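Listed here are the chains, written in short residue letters.
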Amino acid sequence: MNYEGGRVICIRRACGKEIPDGAIYCPFCGKKQTRTAAPKTKKRPNGTGTVYQVGGSWRAEYRVFSDSAMVSRRTRGGFATRADAEICLQTLRSARVVPRAMRVVAAWEQLIASPRYQELSKDKQSHYRTAWGRLSAIAGCEIGAIPYPELQALVDAAPGDYYAKRDIKTLLGKLWNVAIKNGALAPGEDNTPELELPPIPTSERDAYTVDEVHEMWRAYQDGCLAGCYGLLMCYTGMRPGELMLLDPEQIDLGAQRALGGIKTAAGMNREIPLAAAIIPVMQDALAVSGSRLVKLQEADFYAQWRDMVDRYKIRAHMTPHSCRHSLASAFERAQVSPIVRKLILGHAIRDITDHYTHVDFAEKLAAVELATKSFAVAGNA
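Since we're looking at a predicted model, the values are computed, not measured. (Residues numbered from 1 in each chain as written. Predicted model: local features only at pLDDT ≥ 70, side-chain atom pairs only at ≥ 80, totals over all residues. Heavy atoms only, no water.)

Draft legend 1. Expanded view of the packing of aromatic side chains. The tally for this structure, following the rule as stated, stands at 10 aromatic pairs. Here Tyr 235 and Phe 375 contribute two aromatic rings whose centre-to-centre distance is 5.4 Å and whose plane-to-plane angle is 70°, an arrangement assigned as edge-to-face. Within this pair, whereas Tyr 235 is found in helix H8 (residues 225–236), its partner Phe 375 is found in the segment after helix H14 (361–371), the two being separated by 140 residues in sequence. Side by side, Tyr 235 and Phe 375 carry an identical accessibility label, which is buried. For the pair Phe 301 and Trp 305, a centre-to-centre distance of 6.2 Å together with 20° between the ring planes defines the contact as stacked. Here Phe 301 pairs with Trp 305, and both are found in helix H11 (residues 298–311), just four residues apart, close to one helical turn. You'll find Phe 301 and Trp 305 in the same group, each marked buried. Within the aromatic cluster, the residues linked to one another by ring pairs are Tyr 208, Tyr 229, Phe 301, Tyr 302 and Trp 305. Note that Lys 17 overlies the ring of Phe 28, its terminal NZ or CZ placed 5.4 Å from the centroid. (Phe/Tyr/Trp six-rings, centres within 6.5 Å; stacked < 30°, edge-to-face > 60°. Helix = DSSP H or I, 4+ residues; strand = E, 2+ residues; numbered from the N terminus. Buried < 20%, exposed > 50% of the residue type's maximum accessible area, 1.4 Å probe, protein only. Lys NZ or Arg CZ within 6 Å of the ring centre and 35° of its normal.)

Here's what the structure looks like:
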């Protein structure tokens, strides 16, 4: 209705005549006086798809999401009416679109190039690189085409105990997630969370026995580099990462000393005593070293380590880090002072009285010589 000065006027400007109040149509020109809103289109629930016009036809579209990110889009157009397009939505929702093919190695390359991976600590990245080295058998396979039993067999066959196998399972989950985000795997088809792991060990600080250290000597004498590096870690207590990063320029064989270490403030740049028995082994390692003491790349290091424990009488579930615990156990057997032990191994000293305890290098070297006597074999004592 159009009111002017209390009068009802026809809404059609060309007419403009006064009409009775409440009239639906103008009695003079027949113009309808009330506007009727077009019926609102009923909205579909979120996640059920949408329809829209493109030119003179209608199109149906359904999007697939994973972790709030769209991973694929299914569309079909050319419908004459909106109703036809809406009928098609049900087909799009139920249809299984064949995903794009993506090989495991392509997912790995995309993962390590991602900002989130770059933000990980160097130690965590190192764990993933080691786990990746153990997935070489499936690197060229398409994600989604690898049977679950084959994935479980890869986890089961990995050397080491719970932690090494856990790293493989975690990495597989990240690679499969990359495939989902790329539309190469449908959400819900990721079976990596179902992979089974062994029980968590009661103690991860297991040490190699003296007999196993003797087997490392035998491996070293057979020309095995892993045996060489294993002995260096058993005699010095260095972590695998510390050994790999040790600068040959910081090794003084005459003084039986090396400077190195990582991980903590107490462990970095510490004096590392070299027992007399290990000097020839260190000389051999230096003879093949480059800018770092360890000649091998990390993946090759662990591959040769696995070969060594398979060939010699060394427990397969142990890791190179256990060499460090072997020296710690030797210190306990030799009743070396806890303060001296901590200084050699690079452990933090939290007792305030310890800060006033001075231990010179000669005392540290004597402690290592005493503790490692049991490691010696005939001809190397």
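Draft legend 2. Molecular detail of H8. Compared with an ideal rise of 1.5 Å per residue, which puts 12 residues at 16 Å, H8 spans 17 Å between its outermost C-alpha atoms and is within 8% of the ideal. Within H8, 12 of the 12 residues are buried, which leaves it mostly tucked inside the rest of the structure. Taken together, the buried positions of H8 are Leu 225, Ala 226, Gly 227, Cys 228, Tyr 229, Gly 230, Leu 231, Leu 232, Met 233, Cys 234, Tyr 235 and Thr 236. A positive backbone phi angle near 80° is found at Gly 237, which sits one or two residues after H8. (Expected span 1.5 Å × (residues − 1).)

Draft legend 3. View of helix H13 (residues 338–345). Those residues of H13 that fall on the buried side of the exposure criterion are Ile 339, Val 340, Ile 344 and Leu 345. Summarising the contacts, the buried residues of H13 are in contact with H8, strand E8 (270–273), helix H12 (322–333) and H14. With its phi angle positive at about 80°, Gly 346 sits one or two positions after the end of H13. (Contact = heavy atoms within 4.5 Å.)

Draft legend 4. Structural detail: the sheet that holds strand E6 (residues 251–252). Taken in spatial order, the three strands of this open sheet run E6-E7-E8, and their pairing is antiparallel. Looking at strand neighbours, the two that pair on one side only are E6 and E8, the edges of this open sheet. Alignment of strand E7 (residues 257–260) against E8, held across four bridges, turns out to be antiparallel. Each residue of the ladder has a partner; that of Gly 260, found in E8, is Arg 270. The strands touched by H14 are E7 and E8; relative to E8, the strand with the most contacts, the crossing angle is about 40°. (Pairing = 2+ DSSP bridges. Axes fitted to C-alpha atoms, helices over the stretch in contact; angles between N-to-C directions.)

Draft legend 5. Local environment of the packing of H8 against H11. Close contact between H8 and H11 brings their axes to 8 Å; oriented N to C, the two are set at 95°. In terms of orientation, H8 and H11 fall into the roughly perpendicular class. Residue-level inspection shows Leu 225, Ala 226, Gly 227, Tyr 229, Gly 230 and Met 233 of H8 in contact with H11, the latter providing Phe 301, Gln 304, Trp 305 and Met 308. Residue classes in the contact of H8 with H11 are distributed as seven nonpolar, three polar and no charged. (Parallel < 35°, antiparallel > 145°, perpendicular 65-115°, else oblique. Nonpolar A, V, L, I, M, F, W, Y, C, P; charged D, E, K, R; others polar.)

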